[in-house]
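Examination of the molecular architecture
So you can see what is in the structure, the chains are spelled out below.
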Amino acid sequence: MKRYYLIKITIFLSFFLSLTLGQNKKEIQIIKFLESRYSANIDSVSLFLDNNFIYYHSPYVGLGITTEVTNLGILIKAVSPFIKATNMLNKGDVILQVNDYKLSNNSEDYFIRKTKGAAGDSLKLIFSRNGESMSTLVFLTKQQLQQRTDKFIEDIKSYGNRWFDYELSIIDIFSKKNRFVIHYSWEGSLVEKGPNYSFRAIEIIKTSRKSNKIVSIEATWTEKQFIDQFN
């Protein structure tokens, strides 16, 4: 059975601190939502969300494609609506060559390095589609995945099934009218006594003025995401 006592202890301390530091009722509701989200309490999460809810993932600069390494080359599994290319890439295309460098089944690290950089940088790709070789110039652009309620909750369920235990700590929260900025840290393990994984996040949460339900959550950049562009 998965253990959730760590998150309960931490959230209890957060509520205690919220009272002593003067957090208002709306801020406490946001913390309760976060508790439900990371404990994968789907029914509770649904009650917090507005019918028009949107989750905006952290923006990043990239090609706008999801890939998988195969024996043939780099297989494109999904294409972002924000992709910019002279010859549009499609799901199922196989990237064979990047800037005159022929890819192989051990070229993943090279491909990842080449797809990091500044907005406007470009890569010349040669790819295969239905057995025909084609080429395109693809530009690095700002990408930001958006999710509606159903997909957001689906990811929460996947999260809940994955982790053995975890700890959620509220570092800071402040608000102005119907907007909240919350800074928190998360640490968890996949198996009992296994290695710990952790991250910190800052999210901007907007609620409806009429219903007080959450209309949107926007994840912000992390330092690691920024530095990774230069590696």
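As a reminder, the structure under discussion sits directly above these lines.
Predicted, not measured: the structure shown is a model, and the values here were computed from it.

Calculation rules
- Residues numbered from 1 in each chain as written.
- Predicted model: local features only at pLDDT ≥ 70, side-chain atom pairs only at ≥ 80, totals over all residues.
- Heavy atoms only, no water.
- Pairing = 2+ DSSP bridges.
- Helix = DSSP H or I, 4+ residues; strand = E, 2+ residues; numbered from the N terminus.
- Patch = residues over 30% accessible without salt bridge, like charges linked within 9 Å, V, L, I, M, F, W, Y side chains within 5 Å.
- Areas by Shrake-Rupley, 256 points an atom, 1.4 Å probe, with all protein chains shown as cover.
- Salt bridge = Lys/Arg side-chain N within 4 Å of Asp/Glu carboxyl O.
- Buried < 20%, exposed > 50% of the residue type's maximum accessible area, 1.4 Å probe, protein only.
- Axes fitted to C-alpha atoms, helices over the stretch in contact; angles between N-to-C directions.
- Parallel < 35°, antiparallel > 145°, perpendicular 65-115°, else oblique.
- Contact = heavy atoms within 4.5 Å.
- Nonpolar A, V, L, I, M, F, W, Y, C, P; charged D, E, K, R; others polar.
- Phe/Tyr/Trp six-rings, centres within 6.5 Å; stacked < 30°, edge-to-face > 60°.
- Lys NZ or Arg CZ within 6 Å of the ring centre and 35° of its normal.
- Expected span 1.5 Å × (residues − 1).
- Polar contact = N/O pair within 3.5 Å; in protein donor to acceptor, adjacent residues only side chain to side chain.
- Lys, Arg positive; Asp, Glu negative; His and termini not counted.
- Charge placed at Lys NZ, Arg CZ, Asp CG, Glu CD.
- Core = buried A, V, L, I, M, F, W, Y, C linked by side-chain atoms within 4.5 Å.

Overview of the pairing of strand β1 (residues 49-56)
Here β1 runs beside strand β15 (residues 214-219); their pairing, made up of four bridges, is parallel. Bridged to Ile54 within β15 is Ser216. Pairing between β1 and strand β11 (residues 146-147): two bridges, direction antiparallel. Counterpart to Tyr55 in the pairing with β11 is Gln147.

Some remarks on a nonpolar patch on the surface
On the surface, a cluster of nonpolar side chains totalling about 260 Å² of accessible area is made up of Leu190, Val191 and Tyr197. Inspection of the secondary structure puts Leu190 in the loop between β13 (179-189) and β14 (196-207). Judged by its relative accessible area of 31%, Leu190 falls in the partly exposed class.

Points about the packing of helix α2 (residues 25-38) against helix α5 (residues 149-162)
Contact geometry for α2 and α5: axes closest at 8 Å, N-to-C directions at 60°. Between α2 and α5, the crossing angle belongs to the class labelled oblique. Here α2 contributes Phe33, Arg37 and Tyr38 to the contact with α5, which in turn contributes Phe152, Ile156 and Tyr159. A breakdown of the residues in the contact of α2 with α5 according to their chemical character gives five nonpolar, no polar and one charged.

Observations concerning the packing of aromatic side chains
On inspection of all chains with the given rule, the structure shows 13 aromatic pairs. Lying over the aromatic face of Phe139, Lys84 brings its terminal NZ or CZ to 5.3 Å of the ring centre.

With respect to α2
Under the 1.5 Å per step criterion, the end-to-end length of α2 is 20 Å for 14 residues, consistent within 8% with the ideal 20 Å. Every buried residue belonging to α2 is among Glu27, Ile28, Ile30, Ile31, Phe33, Leu34, Ser36, Arg37 and Tyr38, and all of these are buried. The opening residue of α2 is Asn24, an N-cap whose side-chain oxygen sits 3.1 Å from the backbone nitrogen of Lys26. Positive backbone phi, at 60°, marks Ala40, one or two positions downstream of α2.

What to know about a positive patch on the surface
Taken together, the side chains of Lys176, Lys177, Arg179 and Arg209 present a region of like positive charge at the surface. With respect to the secondary-structure elements, Arg179 resides in strand β13. Given the relative accessible area of 44%, Arg179 is considered partly exposed.

Things to note about the nonpolar core
The tendency in soluble globular proteins is for nonpolar side chains to be buried as a group. Phe33, Tyr38, Phe152, Ile182, Tyr184, Ile214 and Ile217 are the most contacted members of the largest nonpolar core, which totals 29 residues. Counting only elements with at least two residues in this core, the list comes to α2, α3 (42-48), β1, α5, β12 (165-176), β13, β14 and β15. Top element by residues in this core is α2. It accounts for five residues. For Phe33, the contacting residues outside a window of four places in its chain are Val45, Phe48, Leu49, Phe152, Ile214 and Ile217. Grouped together as the second largest cluster of nonpolar side chains are 17 residues, Ile76, Val98, Phe111 and Leu123 included.

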